[in-house]
Amino acid sequence: MRVINKFSLVLLLGVCLSAVNCTKQVAQSVSGYGVLNPQRDFVLHDQDGRIFHLKDHRGQMVLLFFGYTSCPDICPTTLSKLARVYELLGPQMRSQLLTVFVSIDPQRDTPQKLKEYLRYFKINAVGLTGTKAEIDTVINAYKASYTKEETSSSAMGYMFDHTDLLYLIDRRGKTIHLFHLEDPAEQIAKIIQGKAALSHG
Amino acid sequence: MRKLLCLTGVFALLASSAAYAAAAGKISVTDAWVQAMPPSSSISAAYMTITNNSSQNVVLSSASCDIAGAAEIHQMKDDGGMMRMSMVASLTIPPQGKVTLKPGGYHLMLIDLKKPVNNGDVVPISLHFKDGETIKVNAHARNQ
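Residues numbered from 1 in each chain as written. Chains lettered and ligands numbered in written order. Predicted model: local features only at pLDDT ≥ 70, side-chain atom pairs only at ≥ 80, totals over all residues. Heavy atoms only, no water.

Caption draft 1: Structural view of the overall build of chain B. Tallying secondary structure elements over chain B gives 1 helix and 10 strands in all. Every one of the 144 residues in chain B was classed for burial, and the buried ones make up 44%. At a minimum sequence separation of 6, the contacts of chain B that also span at least 24 residues come to 66%. Total accessible area on chain B is roughly 7,100 Å²; 56% of this is exposed by carbon and sulfur atoms. (Helix = DSSP H or I, 4+ residues; strand = E, 2+ residues; numbered from the N terminus. Buried < 20%, exposed > 50% of the residue type's maximum accessible area, 1.4 Å probe, protein only. Contact = heavy atoms within 4.5 Å. Areas by Shrake-Rupley, 256 points an atom, 1.4 Å probe, with all protein chains shown as cover.)

Caption draft 2: Spotlight on the overall build of chain A. Helices and strands together make up the secondary structure of chain A, namely 6 helices and 9 strands. Out of the 201 residues belonging to chain A, those deemed buried represent 50%. A separation of at least 24 residues holds for 69% of the contacts in chain A among residues at least 6 apart in sequence. Summed over its atoms, the accessible surface of chain A is roughly 9,800 Å², and 59% of this surface lies on carbon and sulfur atoms.

Caption draft 3: Up close: the confidence of the model for chain B. Here chain B averages 87 in pLDDT, while 83% of its residues score no lower than 70. This model gives residues 9-21 of chain B a pLDDT under 50, and the stretch forms 8 contacts once residues within four places in sequence are excluded. (pLDDT = per-residue confidence, 0-100.)

Caption draft 4: Molecular detail of the interface of chain B and chain A. Listed as interface residues are 32 residues of chain B and, on the opposing side, 28 residues of chain A. Considering only the surface of chain B that becomes buried against chain A, Met82(B), Met83(B) and Met85(B) emerge as the three largest contributors, covering 24% of it. In this assembly, chain B and chain A are joined by 1 salt bridge. For Arg84(B), the salt bridge identified is with Asp161(A), shortest N-O distance 3.1 Å. Scanning the region where chain B abuts chain A turns up 10 residue pairs in polar contact (both at pLDDT 80 or more). Mapped by element, the contributors of at least two residues to the side of chain B that touches chain A are strand E2 (43-52), strand E4 (68-79), strand E5 (82-87) and strand E8 (106-113) of chain B. Per-element tally for the side of chain B that touches chain A: the top contributor is E5(B), with 6 residues. Taken together, the residues of the side of chain B that touches chain A sort by class into 16 nonpolar, 12 polar and 4 charged. (Buried area = accessible area lost by both parts, 1.4 Å probe. Salt bridge = Lys/Arg side-chain N within 4 Å of Asp/Glu carboxyl O. Polar contact = N/O pair within 3.5 Å; in protein donor to acceptor, adjacent residues only side chain to side chain. Nonpolar A, V, L, I, M, F, W, Y, C, P; charged D, E, K, R; others polar.)

Caption draft 5: Local environment of the pairing of strand E7 (residues 98-101) of chain B. Residue and element names in this part refer to chain B. Only one face of E7 is buried, namely the one carrying Val99 and Leu101, since none of Lys98 and Thr100 on the opposite face is buried. Direction of pairing for E2 relative to E7: antiparallel, over a ladder of 4 bridges. For Ile50, the partnering residue across the bridge sits in E7 and is Val99. (Pairing = 2+ DSSP bridges.)

Caption draft 6: Molecular detail of unusual backbone geometry. Here the phi dihedral of Arg40(A) falls at roughly 55°; this positive angle occurs in a residue that is not glycine. Assessed through its relative accessible area of 29%, Arg40(A) is described here as partly exposed. Despite not being glycine, Asp112(B) has its phi angle at roughly 55°, a positive value. Relative to the elements of secondary structure, Asp112(B) occurs in strand E8. When its relative accessible area of 44% is taken as the criterion, Asp112(B) is described as partly exposed.

Caption draft 7: Spatial organisation of the sheet that holds strand E1 (residues 43-46) of chain A. All names here are of chain A. Within the open sheet, the 7 strands sit side by side as E2-E1-E5-E4-E3-E8-E9. Their pairing is mixed. On the outer flanks of this sheet lie strand E2 (51-53) and strand E9 (175-180), each paired with one strand and no other. Between one strand and the next, the sheet's axes are offset by a mean angle of 35°, whatever the strand orientation. Helix H4 (residues 111-120) contacts E1, strand E4 (97-103) and strand E5 (125-129) of the sheet and is inclined by roughly 155° relative to E5. (Axes fitted to C-alpha atoms, helices over the stretch in contact; angles between N-to-C directions.)

Caption draft 8: Helix H5 (residues 132-141) of chain A, seen in detail. All names here are of chain A. The set of residues buried in H5 consists of Ile135, Asp136, Val138 and Ile139. Buried residues of H5, viewed axially, fall in a sector of 160°; they line one side. Seen from the open side of H5, the exposed residues pointing more than 90 degrees away from its buried face are Ala133, Thr137 and Asn140. If you follow the buried residues of H5, they end up packed against E1, strand E3 (61-67), E4, E5 and strand E6 (146-150). (Arc of directions from axis to C-beta.)

Caption draft 9: Geometry of the side chain of Ser41(B). Assignment of secondary structure puts Ser41(B) in the loop between strand E1 (27-35) and E2. Assessed through its relative accessible area of 7%, Ser41(B) is described here as buried.

Caption draft 10: Representation of the packing of aromatic side chains within the structure. Inspection of every chain in the model, using the stated rule, returns 13 aromatic pairs over all chains. Ring centres 5.9 Å apart and planes at 55° place the aromatic pair Tyr146(A) and Phe160(A) in the tilted group. Separated by 14 residues along the polypeptide, Tyr146(A) in strand E6 and Phe160(A) in strand E7 (residues 158-163) bring together distant segments of the chain. With a relative accessible area of 15%, Tyr146(A) lands in the buried category. Within the aromatic cluster, the residues linked to one another by ring pairs are Phe42(A), Phe52(A), Phe66(A), Tyr142(A) and Tyr167(A). Stacked on the ring of Tyr158(A), the Lys or Arg Arg108(A) has its end atom at 3.8 Å from the ring centre. Here the basic side chain of Arg142(B) rests over the ring of Trp33(B), its NZ or CZ set 4.1 Å away from the ring centre. (Phe/Tyr/Trp six-rings, centres within 6.5 Å; stacked < 30°, edge-to-face > 60°. Lys NZ or Arg CZ within 6 Å of the ring centre and 35° of its normal.)

This is how it looks when you write it as structure tokens:
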């Protein structure tokens, strides 16, 4: 009996230590940003014109990404990389990980355009849009930022500067990790797998 | 007959390599590729390495592409976590140096695409240099 008690104590200590360790890892990865989206919800319109609530996706891991379809460089590179991440994660994880692409360009990115754009990358993704005020509410909740740069010299007309983060949100809606857009697919997949396992527990 | 076919093959290969290495004289261009994009997209970006084999600066002043309404030199910069894109007037390649256009850095922005850029497509791009030289490159479209 005493042996069992000692074993339980060691086990309990191990669990506590690993919990402390995990908390520390999470705190480190999102440190400097404070609590992101404490409501753990936001509302926008999806690519099919339906209302999208983050809270309706409890039980799924979410990768949140702010971008725009006229972005020639970072956005398609990141979405192509995410296609590789999904490959690495395998078919089972595919349905459990939802990529949420929030457009910062409601002027050009119609729901139809978002739908066609995201379909191309063959990932489990939803494209969201809304009014500028609605999009800004989500941007602010995640302490992201963007600026619209009007340019008369470029045929683009206007371009955006935007933050370079991918937000990993757990099954309860909590932001648990921030990826930089240049992080390699292998690293992203590995961290998602680790966090998903913890999130189940 | 077989020898003749082999020789023809070798010549074809050499001709094709020369086209991709695009003028191995003063300026050479290698690894040219274009971001394959969804069919609904009207923009894309081209990347490559431009090497200056001469002892003087070489200045890329503009570019053009048959399938795009405009081709501009742009730069993406990571400014403390903000990705900032801006148009640049020209790109200087130092003597005996090279500049690599790559995602997250310099790129040729292809605007108002007249047709979709699909994976595997070959996109001809002309690079116009300040000294009047024009170099044509074939950029292969792929997803990265």
